[in-house]
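Residues per chain are reported as follows:
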Amino acid sequence: MASQVDQLVKPGSGRGLLDVYGDRFLLKLLVRKEIKVRYRGSVLGLMWSYVKPLVQFLIYFVALGIFLNLQRGTPNYAIYLFSGIVLVNFFTESLSNATRSIVDNRDLIRKIYLPRELFPVATVWVSAVHFLPQLLVLVGACLIVGWTPSVLQLAAVVLIFLMVAVLGTGLGLLFGAVNVYFRDSENIVEMIVMVVTWASPVLYLWTMVQEAMGQWFWIYQLNPMTVAVEVFHWAFWEPTLKADQLVADATPPGLLTLWLPVATLITLAVLFVGQLTFRRLAVHFAQEL
Amino acid sequence: MTAHGHVAISCIDLRKQFVLRHTRSLKEALVWLVKGRKGDLSKKFLALKDVSLEVKQGETVALMGLNGSGKSTLLKLISGVLQPDGGTVRTRGRVAGLIEVGAGFHHDLSGRDNVYLNGAILGMSEKQIDEKFDSIVEFSEIGEFIDTEVKFYSSGMYLRLAFSIAVHTDPEVFLIDEILAVGDEPFQRKCIAKIKELSGMGKTLFVVSHDLDLVATVCERGVLLEHGEIVMDGDVHEVVGELRRRSTVQ
Ligand SMILES: Nc1ncnc2c1ncn2[C@@H]1O[C@H](COP(=O)(O)OP(=O)(O)O)[C@@H](O)[C@H]1O
Ligand SMILES: [Mg+2]
């Protein structure tokens, strides 16, 4: 701060996401505001973030697990299903809210200079606040059926959480910035959100995809969300299986040694591209909104 | 306390151009591209033309001009909300823009929450807000309504709270856009007294207002903007006189 007083500086030239770190207090207030405002006048409040995924889970479980009888071939199918659903929900909520965040905060952006990255980042935090209770429900369910994870598996959960948050931020920065110029961005994101549940092995098994895609299976694995969901299965679902239930091909070969690093790299690349695009477009946000 | 002498705001050959875009749809933009970019998808408009201006620390400057002459645009360039298309603008110290009072207020939050949110938006730290909270509430005369949602405030209360937060952010440079003439008579006097106090403390003020008598009492220097160009820069009374003359001629 002291140096700012001493010299002439160009107003409004920030350092992107780094500035968000410097503005943690404001970030905290924005996240709190978002949560307060979202559940204003609702009786259940934050409870809604439990109810919605539970309903979603029940629908899939009844339709796929019971009607299509996927639960017969997949022991603890409920855990398999729920671990994927919560993760995908975290991603889709982050992405769709981050995409709208710049346009939604136009009143502020037009009048006061702030690091604009604050807004998409805040929405990802809000999604994380919704995600954590769901994760607790998942952990509770896992414990009931006898979950015995290794330290490595627990570490993987944390890593995947961070990876999905970064992926949501990166794509959110990209689509949020483009949304200022072309509101089509929101529609594209709606499509991504629709596709992503089905483009990862949330409801079905990865082996089914391999059978269908054969040698092209690696394309499916390039999707970071696919890898994220598979790692969640490895960390939550597999350790709940009893010795006689263990499936030989619970996770694709090379998941941790090859695909996880690949997914991490792709995620970082997405963040880089997102931030770069955002910074280039952010210069004119105030006048375009 | 800060002596006159150091430059607080420096604008050199500032140019700002707005693009009046006619479409927000990707489809229309693509059609336009495919059709060989025929016609204009946008119209360009120069809001500021080579504006050069230097404001010293502790100076009080009134920016005047008719509607659309580019006053708000210049203030937004100085606060960093907008970026220039040509030239450079530089500032020294923290700049607080009262570009529009209450920007960043959220209707569904209480006055208290808004003090924290708005204070943080204007660059205050948690500790600073904690320390100044009582003083902010006192100056705003909001009293017990501080825990009421601001959507239930009258426009005067809303404005008083917003103004009170802004003056407590303690910046080096104050940018004030058309907000002095709002609120009731007593509070307006209080605001003006506060602004004079700030200038007495050596803060730099850059004020836009349509109330010419008012700016003449608050500011020493006047700058007249016309169609995005500075046409006069000097003693505030002379500039006010010139603006009055021009207005009556038209
Ligand atoms: N974001 C914008 N996009 C397009 N034109 C703009 C924008 N902001 C301001 N303008 C135009 O620039 C000119 C100057 O505006 P402004 O600086 O607000 O004038 P003043 O504050 O002196 O009344 C006006 O003609 C206005 O229509
Ligand atoms: Mg204006």
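Bear in mind the structure is a predicted one, so any value in this text is a computation, not a measurement.

Visitor: Which parts of the structure should I look at to understand the site of ligand 1?
Guide: Within the structure, ligand 1 sits among 13 residues, and Gly68, Gly70, Lys71, Ser72 and Thr73 of chain B are positioned closest to it. Mapping the residues adjacent to ligand 1 onto the chains of the assembly identifies chains A and B. A distance of 3.0 Å is found between an oxygen atom of ligand 1 and a backbone nitrogen or oxygen belonging to Gly70 of chain B. For ligand 1, an oxygen atom lies 2.5 Å from a polar atom in the side chain of Thr73 of chain B. Within the complex, 69% of the 560 Å² of free accessible area of ligand 1 lies under protein. Listing elements by their share of the shell around ligand 1, those giving two or more residues are strand 1 (7–21), strand 2 (42–56) and helix 2 (71–79) of chain B. By residue number, the principal contributor to the shell around ligand 1 is helix 2 of chain B, which donates three residues. Of the residues belonging to the shell around ligand 1, the class tally is five nonpolar, seven polar and one charged.

Visitor: Looking at this structure, how should I read the domain arrangement of chain B?
Guide: Often, the extent of an interface is quoted as the loss of accessible area upon association of its parts. Residues and elements named next belong to chain B. One can read the domain layout of chain B as domain 1 (1–93 + 173–250) and domain 2 (104–171). When each unit is reduced to the centre of its C-alpha atoms, the spacing between domain 1 and domain 2 is 26 Å. Residue-level contacts link twelve residues of domain 1 with ten residues of domain 2. The contact between domain 1 and domain 2 buries some 1100 Å² in all, and 74% of this surface belongs to carbon and sulfur atoms. One can count two salt bridges joining domain 1 with domain 2. For the salt bridge of Asp170 with Lys203, the shortest nitrogen-to-oxygen distance reads 3.0 Å. Scanning the region where domain 1 abuts domain 2 turns up four residue pairs in polar contact (both at pLDDT 80 or more). If you list the elements that add at least two residues to the side of domain 1 that touches domain 2, you get strand 6 (173–177) and helix 6 (185–200). Here the side of domain 1 that touches domain 2 takes six residues from helix 6, the largest share from any one element. In the side of domain 1 that touches domain 2, the residues fall into eight nonpolar, one polar and three charged.

Visitor: Quick question: what am I supposed to make of a nonpolar patch on the surface here?
Guide: On the surface, a cluster of nonpolar side chains totalling about 410 Å² of accessible area is made up of Val62, Ile66, Phe67 and Leu68 of chain A. Within the secondary structure, Ile66 of chain A is located in helix 4 (residues 48–67).

Visitor: How should the state of the cysteines be read in this particular structure?
Guide: When the sulfur atoms of two cysteines share a covalent bond, that bond is a disulfide. This model, assessed by the stated rule, comprises zero disulfides over all chains. Left unpaired, Cys219 of chain B is separated from the closest cysteine sulfur, that of Cys191 of chain B, by 14 Å.

Visitor: Please clarify how the environment of Leu75 of chain B should be interpreted in this entry.
Guide: All names here are of chain B. Structurally, the position occupied by Leu75 is in helix 2. A relative accessible area of 0% means that Leu75 is categorised as buried. The spacing of Leu75 and Lys56 is 19 residues in sequence and 16 Å in space, taken between C-alpha atoms.

Visitor: Any chance you could explain the pattern of salt bridges here in plain terms?
Guide: Between side chains of opposite charge, a pair can form when the charged atoms approach closely. Residues and elements named next belong to chain B. If you walk through the whole model with that rule in mind, you get 19 salt bridges over all chains. Of the charged contacts, one joins Arg112 and Asp147 as a salt bridge, the two residues approaching to 2.8 Å between their closest N and O atoms. Highlighted residues: Arg112 in helix 3 (residues 111–121) and Asp147 in the loop between helix 4 (126–140) and helix 5 (155–168), separated in sequence by 35 residues. Under the relative-accessibility criterion, Arg112 is labelled partly exposed at 33%. Salt bridges sharing partners connect three or more residues here, namely Glu226, Glu242, Arg245 and Arg246.

The rules behind the values
- Residues numbered from 1 in each chain as written.
- Chains lettered and ligands numbered in written order.
- Predicted model: local features only at pLDDT ≥ 70, side-chain atom pairs only at ≥ 80, totals over all residues.
- Heavy atoms only, no water.
- Near = heavy atom within 4 Å.
- Polar contact = N/O pair within 3.5 Å; in protein donor to acceptor, adjacent residues only side chain to side chain.
- Areas by Shrake-Rupley, 256 points an atom, 1.4 Å probe, with all protein chains shown as cover.
- Helix = DSSP H or I, 4+ residues; strand = E, 2+ residues; numbered from the N terminus.
- Nonpolar A, V, L, I, M, F, W, Y, C, P; charged D, E, K, R; others polar.
- Domains from an automatic or database assignment.
- Contact = heavy atoms within 4.5 Å.
- Buried area = accessible area lost by both parts, 1.4 Å probe.
- Salt bridge = Lys/Arg side-chain N within 4 Å of Asp/Glu carboxyl O.
- Patch = residues over 30% accessible without salt bridge, like charges linked within 9 Å, V, L, I, M, F, W, Y side chains within 5 Å.
- Disulfide = S-S within 2.5 Å.
- Buried < 20%, exposed > 50% of the residue type's maximum accessible area, 1.4 Å probe, protein only.

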